[in-house]
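Examination of the molecular architecture
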Amino acid sequence: MKTSVLGAIHVLGMAKRCRAKVLQASTSEIYGDPEVHPQPETYRGAVNTIGPRACYDEGKRAAETLVMDYHRMNGVNVRIVRIFNTYGPRMHPFDGRVISNFIRQALYGEDLTIFGDGSQTRSFCYRDDLVEGMLRMMDAPDDFPGPVNLGNPGEFTIKELAEVVIELTGSRSRIVYHPRPADDPERRKPDITLARTRLGWEPKVPLREGLRRTIEWFRSIDMAHYRPPTPNY
């Protein structure tokens, strides 16, 4: 959280001096484990401030606060986008995200690991769609600082995602279940009404097509080259 907040302060100070435009890449995590579904930008979230995920969630929430304070008090030209789960070619095979984990495990013939019973949902946005939304936000009128949700409203359970990855990779991997982490959101789906009306934006790449492109890229690389080094204590 300290890094996120201090980084925001430094960037906003520079933007104030240089009269630059700032894009704050916020996150759907600011909604926590939501009590409203789907999540509109007006929803203030349900974050456990002392939970194991709180550092990231609260850091992003505090950064949004700073961005809007600099906008109101200093006239800094800002944009806030709340990014939902994003995936696509060139994502790191060991970044810990669910799609990269599943694809890597399937291609290696390993068990696909689901934390919980797999009924929790997520909405996955292909990278090209996200970039298009961010560009449109930066080109939007200055009287629209956001925040605005950028994500794909298609909602899938984690189990459904695992099954599609196994199908598309042709893997013989099994699905195994482990205990679910504390504060893991039960449901996640963006309300993108604001992005549609103010930016003329909505995602175009369906999940299966995006996964095919991502799997093709994973097949083309040497994943061992990306493996994190073993710590030498």
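Provided above is the structure to which this section pertains.
As the structure is a prediction and not an experimental result, all values here were calculated from the model.

Digging into helix α4 (residues 127–138)
- Taking 1.5 Å of rise per residue, the 12 residues of α4 would be expected to cover 16 Å, and the 17 Å separating its terminal C-alpha atoms lies within 8% of that figure.
- Every buried residue belonging to α4 is among D129, L130, G133, M134 and M137, and all of these are buried. An end-on view of α4 places all buried positions within 135 degrees of arc, on one side of the element.
- Contacts from the buried residues of α4 go to β1 (21–27), β2 (77–83), β3 (86–87), β6 (125–126), β7 (148–150) and α6 (193–199).

Topic: the environment of Q105
- By the element assignment, Q105 lies in helix α3 (residues 98–108).
- The sequence separation of Q105 and I166 amounts to 61 residues, and the corresponding C-alpha distance is 9.4 Å.
- Not counting residues up to four positions away in its chain, the partners in contact with Q105 are E110, D111, L112, T113 and S173.
- A distance of 3.2 Å separates a polar atom in the side chain of Q105 from the backbone nitrogen of T113.

Observations concerning the sheet that holds β2
- Strand order in the open sheet formed by 3 strands is β1-β2-β7, and the pairing between neighbours is parallel. Whereas interior strands pair on both sides, the edge strands pair on one side only; in this sheet they are β1 and β7. Ignoring strand direction, the axes of neighbouring strands in this sheet form an average angle of 30 degrees.
- The pairing of β2 with β7 spans 3 bridges and is classified as parallel. Residue pairing for β7: R82 is matched across the bridge by N149.
- Lying on the sheet, helix α2 (residues 54–74) is in contact with β1 and β2; it crosses β1 at an angle near 155 degrees.
- Running at roughly 155 degrees to β2, α4 makes contact with β1, β2 and β7 of the sheet.

Points about helix α5 (residues 158–169)
- In this model, α5 (12 residues) spans 17 Å end to end at C-alpha, consistent with the 16 Å of a helix rising 1.5 Å per residue.
- Within α5, the full set of buried residues consists of I158, L161, A162, V164, V165, I166 and T169.
- Considering only its buried residues, α5 is in contact with α3, β4 (112–115), β5 (121–122), β8 (156–157), β9 (175–178) and α7 (207–220).

Things to note about the layout of surface pockets
- In this structure, the largest pocket encloses a volume near 770 Å³.
- Along its surface, the largest pocket is lined by 29 residues, and N85, G96, R97, V98 and R122 are the ones closest to its centre.
- Going through the elements one at a time, β1, α2, α3 and β4 are the ones with two or more residues in the lining of the largest pocket.
- Across the lining of the largest pocket, the residue classes break down as 11 nonpolar, 9 polar and 9 charged.
- A volume near 160 Å³ is recorded for the second largest pocket.
- Lining the second largest pocket, in full, are I30, E41, Y43, R44, R61, E64, T65, M68, I80, R82 and P147.
- Where the lining of the second largest pocket is concerned, the elements lending two or more residues are α2 and β2.
- In terms of residue count, the dominant contributor to the lining of the second largest pocket is α2 (4 residues).
- The class makeup of the residues in the lining of the second largest pocket is 5 nonpolar, 1 polar and 5 charged.

Considerations on the side chain of N149
- With respect to the secondary-structure elements, N149 resides in strand β7.
- Relative accessible area serves as the criterion here: at 0%, N149 is assigned to the buried category.
- Of note is the side chain of N149, whose polar atom sits 2.8 Å from the backbone oxygen of Q39.

As for the pairing of β2
- With 6 of 7 residues buried, β2 is to be regarded as a mostly interior element.
- This β-α-β element, β1 to α2 to β2, shows right-handed connectivity.

How each quantity is defined
Residues numbered from 1 in each chain as written. Predicted model: local features only at pLDDT ≥ 70, side-chain atom pairs only at ≥ 80, totals over all residues. Heavy atoms only, no water. Helix = DSSP H or I, 4+ residues; strand = E, 2+ residues; numbered from the N terminus. Expected span 1.5 Å × (residues − 1). Buried < 20%, exposed > 50% of the residue type's maximum accessible area, 1.4 Å probe, protein only. Arc of directions from axis to C-beta. Contact = heavy atoms within 4.5 Å. Polar contact = N/O pair within 3.5 Å; in protein donor to acceptor, adjacent residues only side chain to side chain. Pairing = 2+ DSSP bridges. Axes fitted to C-alpha atoms, helices over the stretch in contact; angles between N-to-C directions. 1 Å grid on protein atoms, 1.4 Å probe; cavity = no way out; pocket = protein on both sides within 12 Å on 5 of 7 lines; lining within 4 Å. Points joined across faces, edges and corners; volume = space filled by probe spheres on them. Nonpolar A, V, L, I, M, F, W, Y, C, P; charged D, E, K, R; others polar. Right-handed = clockwise from strand over helix to strand, strands pointing away.

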